[in-house]
Structures are given as C-alpha cells and as structure tokens.
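Topology and contacts: notes
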Amino acid sequence: MYQFNQHITSFSRLLSNVQVHTISTDAYAQQYLKDLLLHKTHYLHLYAMVLDKAFVDNINQPLTSSLLDFGCGNGLLALFAKYCGVQQVFASDVSASFLLAAQQLSKQLNIDLDGWIVGDENTVAKYFTNKKIDIVVGTDVIEHVYNLSSLFTVLQNLNTNLVTVFTTASIAENPFKSASLKALQKKDELVESNAFHTSYNNEFAGMSFLAIRKKIIETYLPSLPQNIISELAIRTRGLQKLDIEKAVDNYVKTNQLPITMQHATNTCDPITGSFTERLLTIKEYQQLYLQNNFKLAIYYGFYNQFEGGIKSKVAQFFNFAIKLSRNQAKLISPFMVLVGRKSK
C-alpha cells in the first residue's frame, strides 16, 4: 500500500514558507489557515490517514486516480494529495472566499490542482457529469452538511466504485465531546452564533438561530400572530430559509405546525444551512450509508502528540488507549474516520 506519511516532512517544510496574510482578505479564512499551520504536523498525519484509507485497496501508487476534496476549506488536504502524487485532484467549497484562499495557497506552494468548484453537492454533480472521479474525501465537513440525503444521492451517482472518506470530530458516543458540542449548539440556537463563522453574505451574522428564524417568518408573513410566529420559529429548528418558508406555507394551508427535529440540540444556521457540529450516533451513520448503498467502516483518530511538552505526553497516553480500546475507542477518540465503499 502506498504510504502517504512519507511525504509529511517535506510538505511541512514547504508550508513553513507560506505567507498567510497574502492568502486572503477574509479574516475567518486567514485565522483558519493560521490554526492549521500552527499544528501542521498533526493535521498532515490526519490527512495521511485519510488518504491511506482512501487508497487501501489500491496496490499501485495513486498516480492514476482522481480525487475530490469536498468542503476543502483552505485546500490543504487537496494540495497534500496532489503533492503526494495523486494524478487528478479537485477541490470544492460552498464558500467562494475560502476557495479563493485555497487557490492563492496553491499558487504560493506552486501546486496546481485540476479543478476548483464553488458550490454544494449539486454543483459538484454538474461539474462531474462528464468527468471521472474515484475518491471523495472531506475533513470536518460531513457534520455541517445541510442535506445529507442529497449529498449521498450525488455520491451514489458519481461512480459505481466510488470510495468516500470523511472525518468528523462530532462523536455522539464520546461523552466529553458530546457535552461540549451540545453546549455550543444551545449557544448558537438560543443566545448568539459566531459572527466570525457566518459573516459572509449573511446580514444576520451573530444572531441566535432562533431569532433569525423568527425574523425570517415575520418578514415572510407578517400577518401571522406573534405566538404562532414564535412557535413556528421553535419548530423549524434545523431548517434553512427556503424550507422554513415552506413550513409556514404548509401551516397556512393545513393549520398544522411542523414536527420539531427529534434531536434535542442539533441546529443549523438558517441562512447558510451549515449545521453546528451536528451530532449523529454511529448507528445513524450506519443507517445513512446502508440506505445509500455504501458499506461503512469506522476508524478512530488520535490526539496531537507532535508538539512536545506535557500535552504531548498526555496525548500519547490517550492515543495508546485508543489503540487498545478497539470498539470502545468511540468513548475517548477525538475524531473518527468514516470510510464508505459502494456495495456491489
């Protein structure tokens, strides 16, 4: 099997010359890249793990494969894959500013990708209508996707032998992770959201998601009584603007209030549709993949043990415990890797 970690040291040296302030004028894109570069050794090992899982059945070097980094952010995973020798690498993101930052980083590193796609899974589907794609990867993106059914419908149709590899740090079974993410979800839903994350094309940036939904409904149908507007706002948690308006239309037509999402805290930005670290159980992921004709294998990640000091020692201890724990690793792992292969 091709070993991607053999390229970590040289690629890390290449990243040492990156001038972050020239990459983007978007403050969030700059800060995101700074964080990645600050812990680049850890993230490069994570990317190597993703690529190793993607190519585990490929006995040849990855020189004849095509790969899409879905939700690429600053594009580091895609650029690393191309640097390692993957023949064709594409990158997509719903954020034009992030994709532009990724393109600027590509120029600084002198690594050319084979295509850049601004948009969601539907844009990706159109882009690859007449293009071959073998592998779709994504780090910390699947927990933010608004419509997972739509995503997997697109994935099903890209290639009959498609391999998908997604990482997520939103592990419902990890009690510490789950508790902290539920607290974040409640804050976004009821108090205030992170304006730094939602500033682009969003006049409501920083408002609580509940307040945004209420404003959407008031604007869409101001004649509704305030108590009904408030109830509709509560019951449309987890919906994007267009679907909120559809729920209002349905209420007016049938006098039936929408059914509230079953999960107690999962919520999304009503403008962008991006979920706040959506928590799904492993069983729910298994059902999602099975329903879409994918076989799912789950692997558990590791803590950052690459920067020295007491934190690295603690990380090494937990990483050793994760290896020993096997099926119980979900209780302490910082992230998991979801590997999907089309069912025959």
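Note that the coordinates shown come from a computational prediction; the quantities given were computed from them, not determined experimentally.

Broken down by element type, the protein chain carries 14 helices and seven strands. Rg of the C-alpha trace for the protein chain: 21 Å, near the compact-globule value of 20 Å for 344 residues, within the 12% margin. With the C-alpha coordinates of the protein chain rotated into their principal frame, the extents come out at 65 × 45 × 45 Å. Counting over 344 residues, the protein chain shows a buried share of 49%. Counting only contacts in the protein chain whose residues sit at least 6 apart along the sequence, the fraction spanning at least 24 positions is 72%. Counting only carbon and sulfur atoms, one obtains 53% of the accessible surface of the protein chain, whose full area is about 16700 Å². Taken as two groups, the 32 positive and 27 negative side-chain charges of the protein chain have centres that lie 6 Å from each other.

Turning our attention to the side chain of Glu-245. Structurally, Glu-245 can be placed in helix H12 (residues 241-254). According to the relative accessible area criterion, Glu-245 is buried, its value standing at 14%. A polar contact of 2.8 Å, which involves the side chain of Glu-245, links it to the side chain of Lys-241. Apart from residues no more than four positions distant in its own chain, Glu-245 is found in contact with Ile-216 and Tyr-220.

Viewed as axis vectors pointing N to C, helix H2 (residues 27-38) and helix H5 (residues 96-109) meet at an angle of 50°, and their least axial separation amounts to 9 Å. In terms of axis orientation, H2 runs oblique to H5. In this structure, H2 crosses over H5, and the sense of that crossing is right-handed. Of the residues in H5, those touching H2 at Tyr-28, Ala-29, Tyr-32 and Leu-33 are Phe-98, Ala-101 and Leu-105. Within the contact of H2 with H5, the residues separate by chemical class into seven nonpolar, no polar and no charged.

Mapping Ile-135 onto the fold places it in strand E4 (residues 135-139). Ile-135 sits in the buried class, given a relative accessible area of 3%. Remark: the alpha-carbon pair of Ile-135 and Leu-155, spanning 20 residues in sequence, is separated by 9.7 Å. Here Ile-135 is in contact with Ala-54, Phe-55, Ser-66, Leu-67, Leu-68, Leu-162 and Val-163, once residues within four sequence places are set aside.

Given 3.6 residues per turn, any residue in an α-helix points the same way as the ones three and four places further on. With 14 residues, H5 extends 20 Å between its outermost C-alpha atoms, agreeing within 8% with the 20 Å of an ideal straight helix rising 1.5 Å per residue. Within H5, burial applies to Phe-98, Leu-99, Ala-101, Ala-102, Leu-105, Ser-106 and Leu-109. Buried residues of H5, seen end-on, are gathered within an arc of 155° and therefore sit on one face of the element. Structurally, H5 contributes buried residues whose contacts are with helix H1 (8-15), H2, helix H4 (76-84), strand E2 (88-93) and strand E3 (115-118). Looking one or two residues past H5, Asn-110 carries a phi angle of roughly 60°, positive in sign.

Considering all chains together, one arrives at 17 aromatic pairs under this definition. Note on Phe-317 and Phe-318: the rings are 5.5 Å apart at their centroids and 80° apart in plane angle, and the pair reads as edge-to-face. Aromatic ring contacts, followed pair by pair, group Phe-11, Phe-80 and Tyr-83 into a single cluster. Directly above the ring of Tyr-299 sits Lys-53, whose terminal nitrogen or CZ lies 3.8 Å from the centroid. Lys-131 extends its terminal NZ or CZ atom over the ring of Tyr-127, reaching a point 4.3 Å from the ring centre.

It is worth spelling out the nonpolar core at this point. Residues Phe-11, Val-18, Leu-67, Leu-76 and Phe-80 are the most contacted members of the largest nonpolar core, which totals 50 residues. It is helix H3 (residues 40-54) that contributes the most residues to this core, eight residues altogether. Counting 31 residues, the second largest nonpolar core, distinct from the first, contains Leu-68, Val-124, Phe-152 and Tyr-289.

Turning our attention to the pairing of E4. With five of five residues buried, E4 lies mostly within the body of the structure. Where burial is concerned, the two faces of E4 agree: the one with Ile-135, Val-137 and Thr-139 and the one with Val-136 and Gly-138 are both buried. Here three bridges tie strand E1 (residues 66-70) to E4, and the two strands are oriented parallel to one another. Within E4, the position partnered with Asp-69 by the bridge is Val-137. Bridging between E4 and strand E5 (residues 163-168) involves five bridges; their strand directions are parallel. Within the sheet, the bridge partner assigned to Ile-135 lies in E5 and is Val-163. Handedness of the crossover joining E4 and E5 through helix H7 (residues 148-158): right-handed.

Definitions and limits used
Residues numbered from 1 in each chain as written. Predicted model: local features only at pLDDT ≥ 70, side-chain atom pairs only at ≥ 80, totals over all residues. Heavy atoms only, no water. Helix = DSSP H or I, 4+ residues; strand = E, 2+ residues; numbered from the N terminus. Rg over C-alpha atoms; globule rule 2.2 N^0.38 Å. Buried < 20%, exposed > 50% of the residue type's maximum accessible area, 1.4 Å probe, protein only. Contact = heavy atoms within 4.5 Å. Areas by Shrake-Rupley, 256 points an atom, 1.4 Å probe, with all protein chains shown as cover. Lys, Arg positive; Asp, Glu negative; His and termini not counted. Charge placed at Lys NZ, Arg CZ, Asp CG, Glu CD. Polar contact = N/O pair within 3.5 Å; in protein donor to acceptor, adjacent residues only side chain to side chain. Axes fitted to C-alpha atoms, helices over the stretch in contact; angles between N-to-C directions. Parallel < 35°, antiparallel > 145°, perpendicular 65-115°, else oblique. Left-handed = near helix turned anticlockwise from the far one by under 90°. Nonpolar A, V, L, I, M, F, W, Y, C, P; charged D, E, K, R; others polar. Expected span 1.5 Å × (residues − 1). Arc of directions from axis to C-beta. Phe/Tyr/Trp six-rings, centres within 6.5 Å; stacked < 30°, edge-to-face > 60°. Lys NZ or Arg CZ within 6 Å of the ring centre and 35° of its normal. Core = buried A, V, L, I, M, F, W, Y, C linked by side-chain atoms within 4.5 Å. Pairing = 2+ DSSP bridges. Right-handed = clockwise from strand over helix to strand, strands pointing away.

Distances and angles like these do not, on their own, reveal function.
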